[in-house]
Amino acid sequence: MPRLPSFYVSYPNIRLDISNVVAPVDFENDKVDLAVQFGSGKWPGAETELLFRDVIQPVCSPKLLKRTRLAELDDLRKVQLLHSHYRRSDWPDWLMAVKRPDLLTDRSVSFQSSILTYQAAAEGVGVAMGQLFLLRNEIEDGTLVPLFNAPLERPSAHYLAWPKSRPMARKARSFVAWLKAQIANDVNRGRA
């Protein structure tokens, strides 16, 4: 969202209609030109292109770090783990990767969306499992701090998807070019 103003500066005559839906898009029944989907990259009736990988790592606010020591994995026992409803496997997957599934406890709070989960983390409610690419601005400005230097790259990723059944419209191609340039800029700056 912070980048959309730059799109409108570059393409003032293109109107975007943005929807936030978790379910995979159905290009046969939904009037959609493009979708950014999270998953395997294989959806019926869709062409896809990888945008960026899903790399996760615990994050919290500087406020929480001022009042709670979080230097070792065992320190997670002192805080609430923040979960996103649609990313329920993030904490179990990460804890399994660092060989500490025992740290997954009932001391947690679950939120309907990742946005709410990250907002709670920024307010010092607890520690969230962060999607590093999507949180790059919050990490750079110090709103959120990555913990434990143990990022985990998962098999799922974010993909651009469009219908196989029809050619991509000119305006959609313009948006794709802009989006890929934004991601490439982050990769070149070492942020992806």
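Procedures and definitions
Residues numbered from 1 in each chain as written. Predicted model: local features only at pLDDT ≥ 70, side-chain atom pairs only at ≥ 80, totals over all residues. Heavy atoms only, no water. Phe/Tyr/Trp six-rings, centres within 6.5 Å; stacked < 30°, edge-to-face > 60°. Lys NZ or Arg CZ within 6 Å of the ring centre and 35° of its normal. Salt bridge = Lys/Arg side-chain N within 4 Å of Asp/Glu carboxyl O. Helix = DSSP H or I, 4+ residues; strand = E, 2+ residues; numbered from the N terminus. Buried < 20%, exposed > 50% of the residue type's maximum accessible area, 1.4 Å probe, protein only. Pairing = 2+ DSSP bridges. Right-handed = clockwise from strand over helix to strand, strands pointing away.

Considerations on the packing of aromatic side chains
On inspection of all chains with the given rule, the structure shows nine aromatic pairs. Aromatic rings pair up to connect Phe7, Tyr8, Tyr11, Phe175 and Trp178 into one cluster. Directly above the ring of Phe38 sits Arg87, whose terminal nitrogen or CZ lies 4.8 Å from the centroid.

Comments concerning the pattern of salt bridges
Scanning all chains against the criterion turns up 15 salt bridges. Linking Glu49 and Lys180 is a salt bridge whose minimum nitrogen-to-oxygen distance equals 3.0 Å. Placement of Glu49 in strand E2 (residues 46-60) and of Lys180 in helix H6 (residues 170-188) is noted, with a sequence separation of 131 residues between them. By relative accessible area, Lys180 is classed as partly exposed at 35%. Put simply, Arg87 and Asp54 hold a salt bridge, and the shortest N to O gap is 2.9 Å. Of the two residues, Arg87 is situated in the loop between strand E3 (81-84) and helix H3 (90-97) and Asp54 in strand E2; the sequence distance between them amounts to 33 residues. Across the pair, exposure class does not vary: Arg87 and Asp54 are buried alike.

Looking at the pairing of E3
What you see with E3 is no split at all: Leu81 and His83 on one side and Leu82 and Ser84 on the other are buried throughout. Strand direction decides the pairing type here: E3 and strand E4 (residues 108-111), joined by four bridges, are parallel. Bridge assignment links Leu81 to a residue of E4, and that residue is Ser108. Once you follow E3 into H3 and on to E4, the crossover reads as right-handed. Summarising the sheet, E3 and strand E5 (residues 127-131) pair through two bridges and their orientation is parallel. In the strand pairing of E5, Leu81 is matched with Val127.

Examining unusual backbone geometry
The phi torsion of most residues other than glycine is negative, and most of the peptide bonds are trans. Phi is positive for Phe148, which is not a glycine, with a value near 70 degrees. With respect to the helices and strands, the residue Phe148 is situated in the loop between strand E6 (145-146) and strand E7 (152-163). With phi around 45 degrees, Asn149 is a residue other than glycine that occupies positive phi space. Checked against the element boundaries, Asn149 lands in the loop between E6 and E7.

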